[in-house]
Amino acid sequence: MKVIGKTSLVIAISCFLILGFSGCSDSPEGKASRLIEESISKALSIVEIEGDYDKALKEIDKALRQGPKAKSAIDAALMVAGNLNYDLADQLQEQLISNIGSVNELTDKISVVGQELSYLQIEKNQLESLMESSDQQIDQLEKLIKGSDDNIGIEKHLQEAEEKLSVLREEQNVFIQEEQQAQDQINIIQEQADDRLRQSQMVTGDRKHQLENEYYRFVMDKKEYLVQAQAALDKVKEFESRIAIVEPLVVKLENDLAEVEQNIEAVETSAERSELKRQLSDVGVLIEEKESQLTQFVNGIKQSQEEYGKIQEEIGTRIDEAIKNFDKIKSRHNRDAAALRLADCYYSKALSDTSAMGYYKHLSVRLRAISLGIEELSMTNIGSLESQSSQAAEDYGNMSMEEYDMAIEEYDKLEKLIGGGKDELSCNVTQNYILALYGKTMLAEQLDKYDIVDETLAKADELMEKASQCDPDFPESITARLFKGETNFVPTMEVDSTTYYNQIKDQFDNRSSWKSLKGEEQKEEIKNMLTSLGKVNRSRDPEEFDRILGPVKKELEAALTKVPGELDMTGAIDPNFF
């Protein structure tokens, strides 16, 4: 693995070890030692010139294969291999910085887009409410036509009236036909009677008398049909009266139906409803775009997390390799230094996993805050990512605690073996031991394991005196000040600062009316706004504060200088604002 940038510690320690076994005899062990020395020199040169750690470690592997033939020199190769693996792990740690920056940038975008999505959802709800009012108007009109549980609709009324009118007309037609049939008979009989009357006028005697009798008989027969015709005609007129009542009702109901249908069409095709539909469609498209962007950002974070996990795993692997290298060093001359390096490896691994825990915990907290800010939306992807990040933070926290325990165990062994002295190695053991205890204390506090905090602090107190004896300046060192609580420790915030500061910025944007004011009124408004801005908590996330609200402050201050006259700003803002 090629990594740009090398740690001088690797070179310095390794060269020191090489000098420690150089100049050996021409014995088999001496020859093997020289081969190891050549491999180590070549490996260090590769790191120094090419920055290729994997290639350098392959050279060291050649040296390690010399085995018992160069027993005294093998420790040097192991030390160099351990330092190279340790240094490579440190170099890989730097790669995580850009990864974290990428994730923070994506999380910022999620926060901003999520807020925009929330506003769009509110707008959509408002438009849907207006559309619902329009729909209710149409629904009420449709109920006039179709009817409801409480009322019979116009259609039903019209159907019943039309059915009734149809029945009346059918029944009327029966009597019209009866009247017509009776009238037809009357006409036939009348013709026959008229015929007999004409014939009787042309003859005399019995024939005349016979024809006159027949004439009167036809006249008498016609009376029966006249009665039938009149009865039928009376019925026809009766039905005409009834139809005259129903028929206008049908016409009215038809007109009412047509009017309501026209009203429905007017509402459905109104400019207001058409505009609502257009706006709803536009908002729907924007919501889909924002949700697509969120999915893209979430997938980007997942990909970055995969890369982060691979790098973190590689860091652990390299430190584990370094631990194996240091653990194999058993010679009396190098044993204590190797043991310290081994303890440092466990400590570094604990620090690395603590950092990973912080990374995932910070991401989880931000995602949770974002989800709470847009809780009305379907944020299953973000929720899942937040849950995974929270679980990863817990897992890394547990691993880190185990690694702190292993580091402390190794430091404790060394402290009992060589601690208490004033030589550099003894001092390093004590001070590194204290740092490991401090790291464990901070981790225990984050994990809410306060029994471990008390236990670890008590152990550290025992070592503080030793460290002071070893180094008179130790009481003023960063390590000692950490335990005294003289340094600032800012816990991870439970609120997404980007969202928080953006919301405040929106408030100031909504107060832009100051730009239209003049003279003293404008001064007073600017003063009030700067006072409000000075009360905003910048310490929660200074970088985000300066990025989001810094331009607001600069704009207000610049505008203030352009207003005629002077304004006393005493106490208006915090003097430590930036």
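Residues numbered from 1 in each chain as written. Predicted model: local features only at pLDDT ≥ 70, side-chain atom pairs only at ≥ 80, totals over all residues. Heavy atoms only, no water.

What about the overall build of the protein chain?
Counting its secondary structure elements, the protein chain contains 16 helices and zero strands. The 578 residues of the protein chain split such that 41% are buried. Expressed as a percentage of contacts within the protein chain between residues at least 6 apart in sequence, the contacts between residues at least 24 apart total 78%. Carbon and sulfur atoms provide 50% of the accessible area of the protein chain, an area that totals close to 32200 Å². (Helix = DSSP H or I, 4+ residues; strand = E, 2+ residues; numbered from the N terminus. Buried < 20%, exposed > 50% of the residue type's maximum accessible area, 1.4 Å probe, protein only. Contact = heavy atoms within 4.5 Å. Areas by Shrake-Rupley, 256 points an atom, 1.4 Å probe, with all protein chains shown as cover.)

Quick word on the nonpolar core
Nonpolar side chains in soluble globular proteins tend to end up buried together. Ranked by internal contacts, the top residues of the largest apolar core, which has 89 residues, are Ile40, Ile60, Leu84, Ile110 and Tyr411. Among the secondary structure elements, those contributing two or more residues to this core are helix H2 (28-49), helix H3 (53-64), helix H4 (71-146), helix H7 (271-327), helix H8 (332-373), helix H9 (380-418), helix H10 (424-446) and helix H11 (450-470). For this core, the leading source of residues is H4, giving 22 residues. When neighbours within four sequence positions are excluded, isoleucine 60 is seen to be in contact with Ser39, Ile40, Ala43, Ala77, Val80, Ala81 and Leu84. With 19 residues, the next largest nonpolar core counts Leu158, Leu168, Leu253 and Leu257 among its residues. (Core = buried A, V, L, I, M, F, W, Y, C linked by side-chain atoms within 4.5 Å.)

A short note on the packing of aromatic side chains
What the rule picks out here adds up to eight aromatic pairs. Centre to centre, the rings of phenylalanine 175 and phenylalanine 239 are 5.8 Å apart; their planes meet at 25 degrees, and the pair counts as stacked. Of this pair, phenylalanine 175 sits in helix H5 (residues 154-202) while phenylalanine 239 sits in helix H6 (residues 205-268), and the two are 64 residues apart along the sequence. Each member of the pair, phenylalanine 175 as well as phenylalanine 239, is classed as buried. Ring pairing ties together the aromatic residues Tyr308, Tyr359, Tyr360 and Tyr396, which thus form one cluster. Of note, arginine 217 hangs over the ring of phenylalanine 218, and the distance from its end group to the ring centre comes to 6.0 Å. Above the ring of tyrosine 86, the side-chain terminus of arginine 341 is found at 4.6 Å from the ring centroid. (Phe/Tyr/Trp six-rings, centres within 6.5 Å; stacked < 30°, edge-to-face > 60°. Lys NZ or Arg CZ within 6 Å of the ring centre and 35° of its normal.)

Overview of the packing of H5 against H6
The geometry of H5 relative to H6 is characterised by a closest axis approach of 6 Å and an angle of 160 degrees between their N-to-C directions. With respect to each other, H5 and H6 are oriented roughly antiparallel. Considering only the axes of H5 and H6, their crossing is left-handed. Its residues placed into classes, the contact of H5 with H6 shows 30 nonpolar, ten polar and 21 charged. (Axes fitted to C-alpha atoms, helices over the stretch in contact; angles between N-to-C directions. Parallel < 35°, antiparallel > 145°, perpendicular 65-115°, else oblique. Left-handed = near helix turned anticlockwise from the far one by under 90°. Nonpolar A, V, L, I, M, F, W, Y, C, P; charged D, E, K, R; others polar.)

Here we look at the pattern of salt bridges
Under the defined criterion, the tally for this structure stands at 31 salt bridges. Of the charged contacts in the structure, one is a salt bridge between lysine 416 and aspartate 412, with a shortest N-O distance of 3.1 Å. Here lysine 416 and its partner aspartate 412 are both found in helix H9, four residues apart, which amounts to about one turn of the helix. Look at aspartate 412 and you get buried, because its relative accessible area is 16%. Put simply, Asp195, Arg196, Arg198 and Glu214 are held in one network by salt bridges that share partners. (Salt bridge = Lys/Arg side-chain N within 4 Å of Asp/Glu carboxyl O.)

Re H2
Between its terminal C-alpha atoms H2 stretches 31 Å, which fits the 32 Å expected from 22 residues at 1.5 Å a residue. Among all positions in H2, only Gly30, Ala32, Ser33, Ile36, Ser39, Ile40, Ala43, Leu44, Ile46 and Val47 are buried. Downstream of H2 by one or two residues, glycine 51 has phi in the positive range, about 70 degrees. (Expected span 1.5 Å × (residues − 1).)

Here's the deal with helix H14 (residues 519-534)
The first and last C-alpha atoms of H14 sit 23 Å apart over 16 residues, in line with the 22 Å expected at 1.5 Å per residue. For H14, the complete set of buried residues consists of Gln522, Lys523, Glu525, Ile526, Met529, Leu530, Leu533 and Gly534.

Re a negative patch on the surface
Taken together, the side chains of Glu160, Glu162, Glu163 and Glu254 define an acidic patch exposed on the protein surface. Among the elements that line the negative patch, the one with the most residues is H5, at three residues. Among the structural elements, glutamate 160 can be located in helix H5. (Patch = residues over 30% accessible without salt bridge, like charges linked within 9 Å, V, L, I, M, F, W, Y side chains within 5 Å. Lys, Arg positive; Asp, Glu negative; His and termini not counted. Charge placed at Lys NZ, Arg CZ, Asp CG, Glu CD.)

Regarding the side chain of aspartate 353
Considering the arrangement of structural elements, one finds aspartate 353 in helix H8. No salt bridge is formed by the buried aspartate 353. Its closest oppositely charged neighbour is lysine 349, at 6.0 Å. Polar contacts involving the side chain of aspartate 353 include one to the side chain of glutamine 312, which spans 3.1 Å. Those residues in contact with aspartate 353 that lie beyond four places of it in its chain are Gln312, Tyr396, Met399, Ser400 and Glu403. (Polar contact = N/O pair within 3.5 Å; in protein donor to acceptor, adjacent residues only side chain to side chain.)

Considerations on the packing of H2 against H3
Interhelical geometry of H2 versus H3 gives an angle of 175 degrees and a closest axis separation of 8 Å. The angle between the axes of H2 and H3 places the two elements in the roughly antiparallel class. Taking contact as the criterion, the partners of Ile36, Ser39, Ile40, Lys42, Ala43, Ile46 and Val47 in H2 are, on H3, Tyr53, Lys55, Ala56, Glu59, Ile60, Lys62 and Ala63. Of the residues contributing to the contact of H2 with H3, the split by class is nine nonpolar, one polar and four charged.

Re unusual backbone geometry
Even without being a glycine, aspartate 448 presents a positive backbone phi close to 60 degrees. Mapped onto the fold, aspartate 448 is located in the loop between H10 and H11.

Focus: the confidence of the model for the protein chain
Residues at a pLDDT of 70 or more form 83% of the protein chain, whose mean pLDDT is 81. Across the protein chain, the element-wise mean pLDDT spans from 44 in helix H1 (residues 8-21) up to 91 in H7. Low pLDDT, under 50, characterises residues 487-495; the stretch is placed with 13 contacts to residues that sit more than four places away or in other chains. (pLDDT = per-residue confidence, 0-100.)

Overview of the environment of aspartate 61
Counting through the fold element by element, aspartate 61 comes out in helix H3. Exposure remark for aspartate 61: the relative accessible area of 37% places this residue in the partly exposed category. In sequence terms aspartate 61 and leucine 78 are 17 residues apart; their C-alpha atoms lie 9.1 Å from each other.

Comments concerning the environment of leucine 443
Here leucine 443 is to be found in helix H10. Beyond its immediate chain neighbours, meaning those up to four positions away, leucine 443 contacts Thr354, Met357, Gly397, Ser400, Met401 and Tyr404.

Some words on the environment of arginine 198
With respect to the element layout, arginine 198 can be found in helix H5. Residues arginine 198 and leucine 211, 13 residues apart in the sequence, show an inter-C-alpha distance of 9.0 Å.

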